[in-house]
Amino acid sequence: MGEAPAFIVDDLHGNFPNGLFLKSKSRETALNIGDRTYVIGATENESSGIIGIRVFDKSTCEWVIPTVLGTKPGPSKGQSAILLDEDRILVIKGNSTFDDCFWFLEINTAFVREQKVRLGKEVVAWSKGVVSEGDKPIVISGPSGVGKGTLISKLMQEFPSMFGFSVSHTTRAPRSNEQNGVHYHFTERSVMEKEIDDAKFLEFAAVHGNLYGTSVEAVDVVADKGKRCILDIDVQGARSMRASSLEAIFIFISPPSFEELEKRLCARGTETEEQIQKRLRNAKVELEQGNTPGLFDHILVNDDLVTCYENLKKLLGLNHGVETTQKSVPNLIHVPLEHSVARIDQKILINFGAPEQEKSSQNMFVLNLSSIKGGAPARTRGLSIYAAEQSRNGTTDSKMPS
Ligand SMILES: Nc1ncnc2c1ncn2[C@@H]1O[C@H](COP(=O)(O)OP(=O)(O)OP(=O)(O)O)[C@@H](O)[C@H]1O
Ligand SMILES: Nc1nc2c(ncn2[C@@H]2O[C@H](COP(=O)(O)O)[C@@H](O)[C@H]2O)c(=O)[nH]1
């Protein structure tokens, strides 16, 4: 665990030059951003607990109900909200634990702007905040038959608690050894097309005549388990991912020769001769694209499997073969319904109690947002949280909750 930055508890007894207190008790919070007021918590059906969003446009004096994208927070009994910048609002769900209380409502991020143009209407997007070290996902790409799946399986077997596989959607038929939900989510084309339209995919591509795609949920599920996500996607998908908000490490696996690639595809015995020829034609293009400057961070040649696997581990800093212990994350700490938040730069102070109550450092936590990464439509990673503590000699101190 890195050293937690100092937070001056004394500062919080006075005024906040660049922060403010908000109470979570009320179901609705209104925030002014430019000529708009965002009302968070407003919902047509109060009993559902769904956090609704309404926008009041002061220039037209009209209410707008935006299209809400991203994975939405579950029902909430009350929440606080604080403006982070002109692009996003931090929403803290009361009565929930740290693993489900930090949510970002994006109002003007690159993703939201893109979707506004695509849909031609007002859009906002939720992104769940994940308290973690924020290791970047790993994208493994390369032509069919090069050994991507084989290398990923080895990694997952050796480091089961460190890595999680992003289970893609595909419209191709399952092979005899493949299980739905494990190897792929096997899907009807019409269903997948509808879900693509609903912005449920981080990326998708037509590959060898079928649709393949990575859903937002596939990546979120892995992040929620505190694991590092591994994606097996084609070069088109890697290109889309590169352009998305998902910051990842991009690795291209190359065969020692085209003949060897053909040999492996034939030996696998999972495709017809016609399908193999199609995959080989596509492989030629993918091999050329593998060298596109700036697309891949690393290129590994999979000649001898053992050597290639060792090189992959080296590249990921795993060459000692020992699974590192996961860093402890104080996810089980419960944030009460009534809490207040204050902001000082990239640090948010969360006080478990009303602002007027005597502030006890035991009830104060600092949420540090200085290293956040990612964002809608996927998770916002890299949040860190620690208890604010005042030491006996009056100096500033901080520690992680145990
Ligand atoms: N270094 C290697 N030497 C020889 N055979 C290998 C090597 N790596 C993988 N293979 C074999 O090659 C075949 C293709 O490997 P794999 O299925 O992992 O490829 P892939 O890149 O995941 O393919 P696809 O993109 O079609 O899913 C498998 O039968 C696998 O056992
Ligand atoms: N763009 C994406 N490509 C994907 C995804 N999942 C898998 N793939 C790629 O498809 C081919 C063929 O896979 P196969 O299982 O039919 O042999 C291979 O290159 C995979 O990398 C995805 O979600 N998006």
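For clarity, every value in this text was computed on a predicted model and none was experimentally measured. (Residues numbered from 1 in each chain as written. Chains lettered and ligands numbered in written order. Predicted model: local features only at pLDDT ≥ 70, side-chain atom pairs only at ≥ 80, totals over all residues. Heavy atoms only, no water.)

**Q** Mind showing me how you'd approach the confidence of the model for the protein here?
**A** Any region with low pLDDT has predicted coordinates that should not be read closely. In the predicted model, the protein carries a mean pLDDT of 84, and the fraction of residues at 70 or more is 82%. Predicted confidence is poor over residues 325-329, with pLDDT under 50, and the contacts of this stretch with residues over four places away or in other chains come to 7 contacts. Confidence drops under pLDDT 50 across residues 390-402; counting only partners more than four residues distant or on other chains, this segment forms 32 contacts. (pLDDT = per-residue confidence, 0-100. Contact = heavy atoms within 4.5 Å.)

**Q** Explain the site of ligand 1 to me, please; I cannot follow it from the model alone.
**A** In the vicinity of ligand 1 lie 15 residues, with Ser144, Lys148, Gly149, Thr150 and Arg268 positioned nearest. Contacts to ligand 1 include Lys148, whose side-chain N or O atom sits 2.7 Å from an oxygen atom. Asp303 places a main-chain nitrogen or oxygen 2.9 Å from a nitrogen atom of ligand 1. Computed on the free molecule, ligand 1 has an accessible area of 630 Å², of which 74% lies beneath the protein chains in the complex. Among the elements that make up the shell around ligand 1, the one with the highest residue count is helix 3 (residues 148-158) (3 residues). (Near = heavy atom within 4 Å. Polar contact = N/O pair within 3.5 Å; in protein donor to acceptor, adjacent residues only side chain to side chain. Areas by Shrake-Rupley, 256 points an atom, 1.4 Å probe, with all protein chains shown as cover. Helix = DSSP H or I, 4+ residues; strand = E, 2+ residues; numbered from the N terminus.)

**Q** It is not clear to me how the packing of aromatic side chains should be interpreted in this structure. Could you clarify?
**A** For any pair of aromatic rings, geometry is given as the distance between the ring centres together with the angle between the planes. Counted according to the given criterion, the structure contains 9 aromatic pairs. Between Tyr184 and Tyr212, the ring centres sit 5.8 Å apart and the planes meet at 65°, which makes this aromatic pair edge-to-face. Separated by 28 residues along the polypeptide, Tyr184 in strand 15 (residues 184-186) and Tyr212 in strand 17 (residues 210-215) bring together distant segments of the chain. Connected via pairs of aromatic rings, a cluster forms that spans Phe98, Phe102, Phe352 and Phe365. Against the face of Tyr309 rests Lys154, its NZ or CZ located 5.0 Å from the ring centre. (Phe/Tyr/Trp six-rings, centres within 6.5 Å; stacked < 30°, edge-to-face > 60°. Lys NZ or Arg CZ within 6 Å of the ring centre and 35° of its normal.)

**Q** Please clarify how unusual backbone geometry should be interpreted in this entry.
**A** Trans peptide bonds make up the majority, and among non-glycine residues the majority have a negative phi. Following Ala376, the chain continues into Pro377 via a peptide bond in cis, with omega recorded as 10°. One can find Pro377 in the loop between strand 25 (373-374) and strand 26 (380-390). Backbone geometry at Ala199 places phi at a positive 60°, although glycine is not the residue there. Accessibility expressed as a relative area gives 12% for Ala199, which makes it buried. With a phi angle near 50°, His208 is a residue other than glycine that sits in the positive phi range. (Buried < 20%, exposed > 50% of the residue type's maximum accessible area, 1.4 Å probe, protein only.)

**Q** Quick question: what am I supposed to make of the site of ligand 2 here?
**A** Around ligand 2 sit 19 residues in total, of which Ser168, Arg172, Tyr184, Tyr212 and Asp232 are the nearest. Arg175 has a polar side-chain atom sitting 2.8 Å from an oxygen atom of ligand 2. At 2.5 Å, a side-chain N or O of Tyr184 approaches an oxygen atom of ligand 2. Broken down by secondary-structure element, the contributors of at least two residues to the shell around ligand 2 are strand 16 (201-207) and strand 17. In terms of residue class, the shell around ligand 2 is made up of 5 nonpolar, 6 polar and 8 charged. (Nonpolar A, V, L, I, M, F, W, Y, C, P; charged D, E, K, R; others polar.)

**Q** I keep staring at the packing of helix 7 (residues 258-268) against helix 8 (residues 273-289) and nothing clicks. Help me out?
**A** How two helices pack is summed up by the angle between their axes together with the distance between the axes. Look at helix 7 against helix 8: their axes get within 11 Å of each other, and the N-to-C directions meet at 145°. For the crossing formed where helix 7 meets helix 8, the hand is right-handed. The residues of helix 8 that touch helix 7, namely those facing Phe258, Leu261, Glu262, Leu265, Cys266 and Arg268, are Ile276, Gln277, Arg279, Leu280, Ala283, Lys284 and Leu287. For the contact of helix 7 with helix 8, a count of residues per class yields 8 nonpolar, 1 polar and 4 charged. (Axes fitted to C-alpha atoms, helices over the stretch in contact; angles between N-to-C directions. Left-handed = near helix turned anticlockwise from the far one by under 90°.)

**Q** Teacher, can you tell me more about the UniProt feature "domain: Guanylate kinase-like" (unreviewed entry) in the protein here?
**A** As annotated by UniProt and renumbered to match this structure, "domain: Guanylate kinase-like" (unreviewed entry) occupies residues 135-317. Counted over residues 135-317, helix gives 42% and strand 22%. Its end C-alpha atoms are 12 Å apart. (UniProt positions renumbered as here; feature names shortened; annotations may be inferred.)

**Q** So what exactly am I meant to see when it comes to the side chain of His208 here?
**A** Relative to the elements of secondary structure, His208 occurs in the loop between strand 16 and strand 17. With relative accessibility at 15%, the residue His208 sits in the buried group. Engagement of the side chain of His208 in a polar contact is seen with the side chain of Asn282, the distance being 2.8 Å. Once residues within four sequence positions are removed from consideration, His208 is found in contact with Ser144, Lys278, Arg279, Asn282 and Glu286.

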